[in-house]
Each structure stands twice: as structure tokens, then as C-alpha cells.
There are 2 protein chains.
Amino acid sequence: MKRLLPICRGLRALSQPQAGRRAGVVGSQCGFCGTASGTKPQPGFGLLFDIDGVLVRGRMPIPAAKKAFQKLVNSQGQFVVPVVFVTNAGNCLRQTKADQLAHILGVPISQDQVIMSHSPLRMFKKYHERCVLVSGQGPVLDIAKHLGFEKVVSIDMLRESFPLLDMVDHNRRPKLPSITVGNLPKVEAVILFGEPVRWETNLQLIMDVLLTNGNLTGAHQIQTQPHLPLLACNMDLLWMAEAQSPRFGHGTFLVCLENIYKKITGQEMKYEALMGKPSEMTYHFAEYLIRSQAEERQWKLPITSLYAIGDNLMTDIYGANLYNRYLEKRASGKNLKAVTKMMAATGSTGSAATVPQEEVEMTDGAWESELASPSATSCCSVLVCTGVYKPSGEVPSSAKRCVRETTVFHGHRDFSFDPVLVEPGHIVHDVADAVELIFQKEKFVPQ
Amino acid sequence: MKRLLPICRGLRALSQPQAGRRAGVVGSQCGFCGTASGTKPQPGFGLLFDIDGVLVRGRMPIPAAKKAFQKLVNSQGQFVVPVVFVTNAGNCLRQTKADQLAHILGVPISQDQVIMSHSPLRMFKKYHERCVLVSGQGPVLDIAKHLGFEKVVSIDMLRESFPLLDMVDHNRRPKLPSITVGNLPKVEAVILFGEPVRWETNLQLIMDVLLTNGNLTGAHQIQTQPHLPLLACNMDLLWMAEAQSPRFGHGTFLVCLENIYKKITGQEMKYEALMGKPSEMTYHFAEYLIRSQAEERQWKLPITSLYAIGDNLMTDIYGANLYNRYLEKRASGKNLKAVTKMMAATGSTGSAATVPQEEVEMTDGAWESELASPSATSCCSVLVCTGVYKPSGEVPSSAKRCVRETTVFHGHRDFSFDPVLVEPGHIVHDVADAVELIFQKEKFVPQ
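Thresholds applied
- Residues numbered from 1 in each chain as written.
- Chains lettered and ligands numbered in written order.
- Predicted model: local features only at pLDDT ≥ 70, side-chain atom pairs only at ≥ 80, totals over all residues.
- Heavy atoms only, no water.
- Helix = DSSP H or I, 4+ residues; strand = E, 2+ residues; numbered from the N terminus.
- Expected span 1.5 Å × (residues − 1).
- Buried < 20%, exposed > 50% of the residue type's maximum accessible area, 1.4 Å probe, protein only.
- Arc of directions from axis to C-beta.
- Contact = heavy atoms within 4.5 Å.
- Lys, Arg positive; Asp, Glu negative; His and termini not counted.
- Salt bridge = Lys/Arg side-chain N within 4 Å of Asp/Glu carboxyl O.
- Polar contact = N/O pair within 3.5 Å; in protein donor to acceptor, adjacent residues only side chain to side chain.
- Pairing = 2+ DSSP bridges.
- Axes fitted to C-alpha atoms, helices over the stretch in contact; angles between N-to-C directions.
- pLDDT = per-residue confidence, 0-100.
- Core = buried A, V, L, I, M, F, W, Y, C linked by side-chain atoms within 4.5 Å.
- Buried area = accessible area lost by both parts, 1.4 Å probe.
- Right-handed = clockwise from strand over helix to strand, strands pointing away.

### Brief notes about helix 3 (residues 94-105) of chain A
Residue and element names in this part refer to chain A. Given a rise of 1.5 Å per residue, 12 residues ought to cover 16 Å, and the 16 Å separating the end C-alpha atoms of helix 3 matches this to within 8%. Within helix 3, burial applies to Arg-94, Lys-97, Ala-98, Leu-101, Ile-104 and Leu-105. Here the buried residues of helix 3 occupy an arc of 130° about the axis, which is enough to place them on one side. Looking at the buried side of helix 3, the elements it contacts are strand 2 (56-57), strand 3 (60-61), helix 2 (63-72), strand 4 (83-86), strand 5 (114-115) and helix 8 (280-296). Looking one or two residues beyond helix 3, the residue adopting positive phi is Gly-106, at roughly 75°.

As C-alpha cells, this is what we get:
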């Protein structure tokens, strides 16, 4: 049983002048909800697709994904609407992810359509010259270097230089009496790209770095506060692979690290920045890439509506709604103070990241000077039921019911649970239904 | 700088009749504190040694350990006082640990002198016929079978039967589309022996077992309560190896598991039993083994005083003081109700385990019917500074100061922080000083 539910909240708060910008919509009452009778020859909207649980489960494509993408690409293999893939995965390069997607979906995909959870690190220029410890799996050293980091140390490099630290696995303890080599530079910041392997090793060495202030030749100094800057990408607690029930994501690793830190020191571990959905910076990038695609194709309509399709209430839906709230505030002229703090965090004149436990609001001309002002005025969240979110019976009859079913907050510690932000704009069965719904709403008929 | 501090609290609460049982002490005012002038020809006391941080650090012997043990063994290689080794390690068999110790200390040691954190599981007979999942490293299947468990499943066996569950390590994911084999019996209880390797794998599969009620072919049922029985051995958060600062112990793994469970379900994970120091059952076993040694040697004095030498305030000191409190209450005739609950937990008529968040008090004739009544009337804690506990300067001038320095509670979630229980009876530099102090106190001159 499927339902397409027009619970669209995207433009509710838009003031008249912003609504007036949607001039490309023919005869529209509400361009966002598509209640008009006209159709558009070119897209005035862009699509943000989550990957796991929406397009694939593990390595297996979700059948509806191919169907959806057949509608999105013309006979020359070109996309008929701007499309980006916004994933919290962070253990590979963008090109690798683009190639995987092209193979799975059977359409050509460029790396410029891919946003990984670590992409905003490019903006954190003040750390690029510092010595950073990176945690994750896959080519983390390459990823860090591509992002601009010049002095990068891996967990394995620390293990080799300090062989007495990683003691949990009896078989990996040094066989001979070992001495510390200690030829590495002092670590000045820690970057958590994604879930590593051998969590005990990473948890132990990250704790050692934090408690020694980056100087592993010294002993723990629990009273040392504040600890070294810690930047984390991807807060997903769980994600949907082939198994029936969700699997651990990087957010689960962060739960371990935060709680070990608290148990040992009695204090809260603090993040300098948290990146990836649901943080707004990810959506700023997505909007920028979508706008760029439209410009490259010389489509005339401004891209005013975004649709973010995902399976996870706490990342995809929360993030899209948080960005929609930003766009609404921006449109209504509420421009603000937090930009100063965010600029300080990134060390640049034009970047932004999620600052934990604070609502992020920015002035034009700050980070926007790098990405240019968004043309989007709304971002509508669309929940699919092929991934982490499982309705207890059929697809719920209302977004509120869907939220009520989710009794436990699976979002990150530093994001408050705001029931409005986890309420999806639409709930559909799968990604094919999502695309169908959006085309209907937008009265869009690809040429 | 060393100090030997007579902060002995062992017999304070002893009533006269119990003190009267210490008839073997010649001319003693207080046999426990040894203020008398006489000396004893045979021991009326026994010693409990922690291992890591007291006798060894990692694989390296602590120099004072050999010196101490030279005093404890006569020219025939026999111990001159009853000695047991009480370790929270749980990843090997008792015989293996005895052999390691004999090699390190240069004295013969029998497996009957070794108490591992899992030893009390022998008493949990109601689980011996059930299918149990075991987590840990080393020969966990063998250990479980030696303890009496008949149907044992390991994490690796689950991984093989359910290849889609363990997805964190990209390189260990199934290469080909996999199907669940599912030929294992339903898991009915989970036993956590000690820290495993690849924590992500164990954390994920234990969570899967708890959330599917042991039936891994099914989906997660977060509302299912109560979860399957969970029994954990060894709560040590940290332990001291060769590195300057303490390393993660099994308690750190438990912190991860407890907090992941809470984050995903919104509820507290509950333990059916927590074993190893500081739980009392461990000390009951130790007392029983010490008594048995004295009987075997046909020493005439009853063993009335125990001394527990350790480096960890939250396990060795807390545990010894907790047991001392039990012995004091027992001696003063306060015999109580909790035994019923403890007997129910173990499913036997004569065993006991630590029941979380409750003070454990027992009647004679319950678990004591298996181990027989203790002859000990006190258990005095002795803290050494060669392991986890590090005085900020010299050895502290008072036990209270030592406790004040420990501002963060490193004990397990289910044990309350009672400042009195982490206050050591004595603080000394190392284990050689500890033995010297105890011989002085007991006026003991080995024959």
C-alpha cells in the first residue's frame, strides 16, 4: 500500500516578495506544492538524494532506484533536472562514490554531483597547516590531502611509533619489549572521518591524544581543558544495509567515544564542528552544486525549490527541514549573528559548519561569498520507507504519526530533538514514488 | 619516598565474641592491627594479590614482586602463608594464568591459587543447559565449557551463520551476495567474559541478539523488555600495562555497550550479574581457597584476617572494603534477606553474585553451604602505587587524601560511589612494602 501525502510545508513562511521570485511557474498558486494547472518546460527545482536506504542497501540496488533514474535522464544520458547525491559516507573519494553510483543506477554520474560528509572540511583552512590525526577506514590519508590538509597522521602511524598504547588485542601487542619511537609531530587536532575498524584501537589512541594534548610521549593529564580540537564527519547512528535491521554507523562510534571520555574524565567531550547531514553546511554545498548544474545547462528558471529524499528521520529529514528553516528565515530577512562564531571556527572569511547545540543562522555575504547566495527558497523533505525508517504497518497516514512512532531520538547528542524538524514534508513508499510525486507537484514534464 | 600507614579499619566493628575467636594470637590487643608484642609461629592471615599493576605491568614484572615473593616461599618452595591471586582478567584458563605467574615470580603456583573474574559462573547452574553467546578473546569456548556451560555459541559462529550483520569493516563484508545460514540454536543468554577484539563486531552482534531476543533471523524489536539475561565478568575500566597511562579494560567495552543500548532503545541495559572485583562473590571464593590452603597445610590457627593488595581504588580497594563490610555485618549478627534474590539469580541453592545497585547481604547457610562459612572476620585493603593509582606527588599522607585525588568515579555504573569504600586501609609504595607491612602487623616470622 502506498500513499502520496501532500504535507508540504516548504513555502508556508515565505513572504510575498520571495514568492514573487518564482516567476517561471505558469499560473501557479503555490509553485512549491504545485497546485497550478500549468506545466514547466524546464526545471525550477533540484533533487538531493540520500544513497543508503534510498538507492541501495549495502551493495544491492533498491529496485525502485533504476526506475526513478530512468525518468531523470534523457536519451542522451543527461539529467533533466539538477541532481546531487548527499551521503554521510566518508570513507572514500567523491570520484569513487560517483563511479559506484553510475554502475548501480546505469546513468553517468560526475563527482561534482556527490557531496560526502567530509566535504565541508575544505573550508576549515585554519587546520590545513596543523598536524591532524585522522580516524576512519579506506583512503583517509588521501581524502585528508584532497581536502587541503598538509600534515596528516593516521592511527596506524601512531600505533607504530607508540607500540605500548594499543593493548586490547593480545595478538597485536608487541612481541618483544618495545620502546616508543616517537618520531611523529605533535598532533594538533583530531578529525573523525567515519567509522573505523578495530574500534578499541581508535578509541584508545584518540583518548590518548586528547588526554595528552597531542603529546603521546607524556602521561595523561585529565585536568587539561579544553581538549584538542575535534572535528567529526557523519553522525549517522544507524544505516540500512542488506540486513533486516539497521547497522551501526559512525554515530555509534561517536557514542562510544563521547561516553568513554565522560567516564574517564568526568567531563563532556566537545566537538569543534560536526559535519554531514543534518548539519546545514552540507545542504549549502548541495544547493550550490545544484545551482551550478542549472547554470551549466543554461536553464533559465532559477532553482527555487529543493527536494531532499531520504530514509532517516534524524539525518535526511531533520537536515532538510533545518535547511528549509534557514531558507525561510533568510527569505523573511532575519539575518544574524552566529556567522561570526562560525567564521571563527573555520578560520576563513567565508565558511560555515554546524556549531553544536546552537541554531545556525548566517548573514548574506559571509560564507555565502564563497558559495554565492542561494537561489533556493525552500527545501522539502521526502521520507521513503525502504531504509532505516520502517512504518509499523502501512506508510503512515500523517507525518505526525510517523514522528510519534519514533519514540527514541537517534540524532546526535548535540542536536536537540525538535519534533517539527523530524516531521517529513512527504512520506512515500520508495524513491520512484518520490520522483513521481515531485514531478506531479512541480507539474514537470521532461522535454 | 615511602610511607607505611597504619590506617587499619578491619576490626573496628567487630563484636566481642568474634574478636574472641582470634585465640591463636599470642598476647594480642588487636590481632588485625598487630599491636601486640608476641609473634605467631603459623599464619592466622591470608593474602589476596591483584596481578596487573601489582606484580606485573603488561608482560614486564614489577621488580618489587620477586622480592615480595621471596619472603612468601620457604626453601622447599612452599608458601609460608596462604596466598591467592585475584585477577579480573578473564581471557584464559586458570592453569594458564598460574603458569604465567610462576614464570614471572619464580615460585611454584597452582591453579587452585588463581581466581579469575569468570570463576563464579560455575555457580550459575540455571544457565548451564541454556544456549549462551560468549564474548571475549582467547579460548572463550573452552573457558565456558570448563565452567559448566553445555551449549556455547561464539561471536564468530554468529558472524558465519549471519553474514549480513557485521558490516562496519568494509573488507570483512561478504564478497558475494550472502544468505543467512541460521543453523544455530536460539541464544538464551549472553556472557561477557572480557574485552574482545574488533569491538564493532561484538557490539553489533550483542545488540542484535538483545534486540531480537536471541533470534537473529528476525528483525529488531526495540520494545521487547526485559532483554535476554546478560552476565558480565570483569568491570575494570582501566588497567596498567607497560605504557605510562592506563589502558582500556573490559569496563570500557561495557561503557560502550551500555551507552549504545541506551541510545538505540532509550532504555537502560540491565545485567543479571556482574562478576569479578569488586563484586563480593569473588572475595568469597578467595576466602574459601585461602581457608582450603591452610587446612591442607594443617596450620592450626584459623585464618581470621585477609589482606587484599591492589592498585585500583575502584576494584581492589572497593571490593576488599565491601567484603570487609560483609564480614563485619556477618560477625555482628546482621544477617539478611538479599540472599533469596541472589539464589534466584544463580538458580542454585548455594551461590551468590553481585546484584547491581544493591548492597549484598547474605544469611549463613545459603551460598555458604557450598563454600562453607568463612573463618575470616576482616578483609583489609592495601593500595600500591605501581599501577593505575598514581599519587600526584609522594604516597599520600592519608587515605582520605588519596580518595580526594580521585575526583572521577571509575567504578562501574551499577556500583555506587561510596567514598568510604574506596578509602584504602593502607597505602604503600609497592608490593614488597605491602608484604613487609603485613608481616609487621601480624608479628609474623616465617619458620
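So, next bit.
### Overview of the side chain of B:Glu195
With respect to the helices and strands, B:Glu195 occurs in the loop between strand 8 (189-192) and helix 6 (199-211). Here B:Glu195 sits buried without a salt bridge, and the closest side chain of opposite charge, A:Arg173, lies 4.9 Å off (N-O distance). Among the polar contacts made by the side chain of B:Glu195, one reaches the main-chain amide nitrogen of B:His250 at a distance of 3.4 Å. Setting aside residues no more than four positions away along its own chain, B:Glu195 makes contact with A:Val168, A:His170, B:Asn91, B:Gly136, B:Gln137, B:Asn234, B:Gly249 and B:His250.

### Here's the deal with the sheet that holds strand 15 (residues 426-428) of chain B
Sheet strands pair by backbone hydrogen bonding; their relative direction is either parallel or antiparallel. Residue and element names in this part refer to chain B. In space, the six strands of this open sheet follow the order 5-4-1-13-14-15, with parallel pairing throughout. The sheet is open, and its two edges are formed by strand 5 (114-115) and strand 15, each paired on a single side. Pairing of strand 1 (residues 45-49) with strand 4 (residues 83-86) involves three bridges; the strand directions are parallel. When the sheet's bridge partners are listed, Phe-49 is paired in strand 4 with Phe-85. In this fold helix 8 (residues 280-296) packs onto strand 1, strand 4, strand 5 and strand 13 (305-310), with an angle of close to 155° to the strand it touches most, strand 4. Each of strand 13 and strand 14 (378-384) touches helix 9 (residues 313-331); the most contacted strand, strand 14, lies at about 165° to it.

### Overview of the confidence of the model for chain A
Low-pLDDT portions of the prediction should not be read for the details of their coordinates. Residues and elements named next belong to chain A. Confidence along chain A averages 82 in pLDDT terms, with 77% of residues attaining 70 or more. Predicted confidence is poor over residues 347-368, with pLDDT under 50, and the contacts of this stretch with residues over four places away or in other chains come to 74 contacts. Model confidence for the complex: the whole-complex pTM is 0.79, and ipTM, which rates the interface, is 0.79.

### Re unusual backbone geometry
Residues and elements named next belong to chain A. At the junction of Lys-277 and Pro-278, the peptide bond is cis and its omega measures out at 5° in the coordinates. Relative to the helices and strands, Pro-278 resides in the loop between strand 12 (273-275) and helix 8. Positive phi, normally seen in glycine, also occurs at Asn-213, with a value near 55°. Of note, Asn-213 is situated in the loop between helix 6 (199-211) and strand 9 (230-233). Given a relative accessible area of 30%, Asn-213 falls into the partly exposed group. The phi angle at Asn-234 is positive, at roughly 70°, despite the residue not being glycine. Looking at Asn-234, the relative accessible area reads 6%, which means it is buried.

### Observations concerning the nonpolar core
In this structure, A:Leu203 and B:Leu203 are the most contacted members of the largest nonpolar core, which totals 105 residues. B:Leu203 has contacts with A:Trp199, A:Phe248, A:Cys256, B:Phe253, B:Cys256, B:Leu257 and B:Ile260, leaving out every residue within four places of it along the chain.

### A word on the interface of chain B and chain A
By a frequent convention, interface size equals the accessible area lost on bringing the separate parts together. Across the contact, 56 residues belong to chain B and 56 residues belong to chain A. Contact with chain A buries area across many residues of chain B, yet B:Arg247, B:Phe248 and B:Lys263 alone supply 16% of it, more than any other trio. Across the chain B-chain A interface, the total number found is two salt bridges. The partner of A:Arg247 in a salt bridge is B:Asp208, with the nearest N and O atoms 2.7 Å apart. Contributing elements (two or more residues each) for the side of chain B that touches chain A: helix 6, strand 10 (238-239), strand 11 (247-248) and helix 7 (250-265) of chain B.

### A short note on the pairing of strand 6 (residues 131-135) of chain A
Moving residue by residue along a regular strand, the side chains alternate between the two faces of the sheet. Residue and element names in this part refer to chain A. Within strand 6, five of the five residues are buried, leaving the element largely enclosed by the surrounding structure. Summarising the sheet, strand 6 and strand 7 (residues 151-154) pair through four bridges and their orientation is parallel. Across the sheet, the residue bridging to Leu-133 is Val-153, located in strand 7. Remark: the strand 6/helix 4 (residues 140-147)/strand 7 crossover connection has right-handed handedness. Note that strand 6 and strand 8 (residues 189-192) share four bridges and pair parallel. Of the residues in strand 8, the one forming a bridge with Val-132 is Ala-189.

### Let's talk about the pattern of salt bridges
Between side chains of opposite charge, a pair can form when the charged atoms approach closely. Residue and element names in this part refer to chain A. Under the criterion given, the structure shown has 24 salt bridges over all chains. Linking Glu-272 and Lys-126 is a salt bridge whose minimum nitrogen-to-oxygen distance equals 3.7 Å. Placement of Glu-272 in the loop between helix 7 (250-265) and strand 12 and of Lys-126 in the loop between strand 5 and strand 6 is noted, with a sequence separation of 146 residues between them. Three or more residues are tied together by salt bridges with common partners; here these are Lys-262, Glu-268, Arg-413 and Asp-414.

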